[in-house]
Amino acid sequence: MIMANGINGHIDDLDLWDYVRGGRDYGERIIIATHLHLCKECELNASLFEDACGELLENSEEVPMSKHSIDIALARTEIKTKTMPLPQLQNEIYGHSLPDNLKGIKTKPRHFLGPNVWIAPIVDNGIPAPNQAYFLWVKAGMQMLPHSHTNNEITLILEGGFKDGENSYHAGDIIYEDGHTIHAPEVLGDEDCLCLVYQDGPILPKTFLGKLLKPFARI
Ligand SMILES: [Zn+2]
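Keep in mind that this is a model prediction, so the values were computed, not measured. (Residues numbered from 1 in each chain as written. Predicted model: local features only at pLDDT ≥ 70, side-chain atom pairs only at ≥ 80, totals over all residues.)

1. Description of the overall build of the protein
So, point 1. Secondary structure summary: the protein contains five helices and 14 strands in total.
So, point 2. Classification of the 219 residues of the protein by burial places 27% in the buried group.
So, point 3. Sequence separation of at least 24 residues holds for 67% of the intrachain contacts in the protein that already meet a minimum separation of 6. (Helix = DSSP H or I, 4+ residues; strand = E, 2+ residues; numbered from the N terminus. Buried ≥ 20, exposed ≤ 12 C-beta atoms within 10 Å, placed from the backbone. Contact = placed C-beta atoms within 7 Å.)

Right, dumping it as structure tokens:
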């Protein structure tokens, strides 16, 4: 069950601004949309950004725009922001119920990276390679292999939580990683952890075992 109270990790303003204007690819947009679904604070910011976006268009004097073209531009922003075309497929993923906005999301079959970790890639739907989005499930108490990232990664926790160094993260939290991070997150307590992950580059394993696993991990 998703307990989204007390969220500490939120969407960056720049990401939210781009999202509101209809930017970013499908994988990043579904993570942001899901966090907005769970987080009142970011939902409020998104509506403020939507208002600001509308005012910018209305006050733009550089490019003359008729009232009609402003209405069209705003309508397009509205369509891109509010609708998330998801194929009707599943209301849960391998026994884990999904937030309402993700119900019907289409994934490839999961594959296990050992007995305690699985990944179910989201069907690309226009996500440009090598960017990818996937559900990641890790059994309670498991520690991930040390690894870093070639580029940026956004994780949204849907169930459970994990500890990363001094910081602990819980359902609803957004966590950003980049190429400077080397870490080995550990899943908290008795609850398995389900996350939605978006990354714009592959993971780089930092251990010999990790390197051995990479061809099997397909991440
Ligand atoms: Zn938030």
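2. Structural notes on the environment of Pro99
So, point 1. Secondary-structure assignment places Pro99 in the loop between strand E2 (96-97) and strand E3 (111-112).
So, point 2. With 62 residues separating them in the primary sequence, Pro99 and His37 have C-alpha atoms 7.8 Å apart.

3. Side note on unusual backbone geometry
So, point 1. For Arg24, which is not glycine, the phi torsion reads 75° and is therefore positive.
So, point 2. Take Arg24: it is sitting in the loop between helix H1 (13-20) and helix H2 (26-38).
So, point 3. Arg24 sits in the partly exposed class, given 16 other C-beta atoms within 10 Å.
So, point 4. You will see that Tyr94, though not glycine, has its phi angle at about 45°, which is positive.
So, point 5. With respect to the secondary-structure elements, Tyr94 resides in the loop between strand E1 (92-93) and E2.

4. Some thoughts on the environment of Pro109
So, point 1. In this structure, Pro109 sits in the loop between E2 and E3.
So, point 2. Through-space distance from the C-alpha of Pro109 to that of Tyr94 is 9.8 Å; in sequence the pair is 15 residues apart.

5. Considerations on the sheet that holds strand E5 (residues 132-138)
In a beta sheet, neighbouring strands pair by backbone hydrogen bonds and run either parallel or antiparallel.
So, point 1. If you walk across this open sheet you meet the six strands as E3-E4-E5-E13-E7-E10, and the pairing is antiparallel. Sheet topology places E3 and strand E10 (174-177) at the edges, where each strand pairs with a single neighbour.
So, point 2. Pairing of strand E4 (residues 117-121) with E5 involves five bridges; the strand directions are antiparallel. Following the sheet pairing, Trp118 is matched in E5 by Trp137. (Pairing = 2+ DSSP bridges.)

6. Observations regarding the environment of His147
So, point 1. Along the chain, His147 turns up in strand E6 (residues 147-149).
So, point 2. On the basis of neighbour counts, which here come to 21 C-beta atoms within 10 Å, the residue His147 falls in the buried class.
So, point 3. Taking the C-alpha atoms as reference, His147 lies 5.7 Å from His183; in sequence the two are 36 residues apart.

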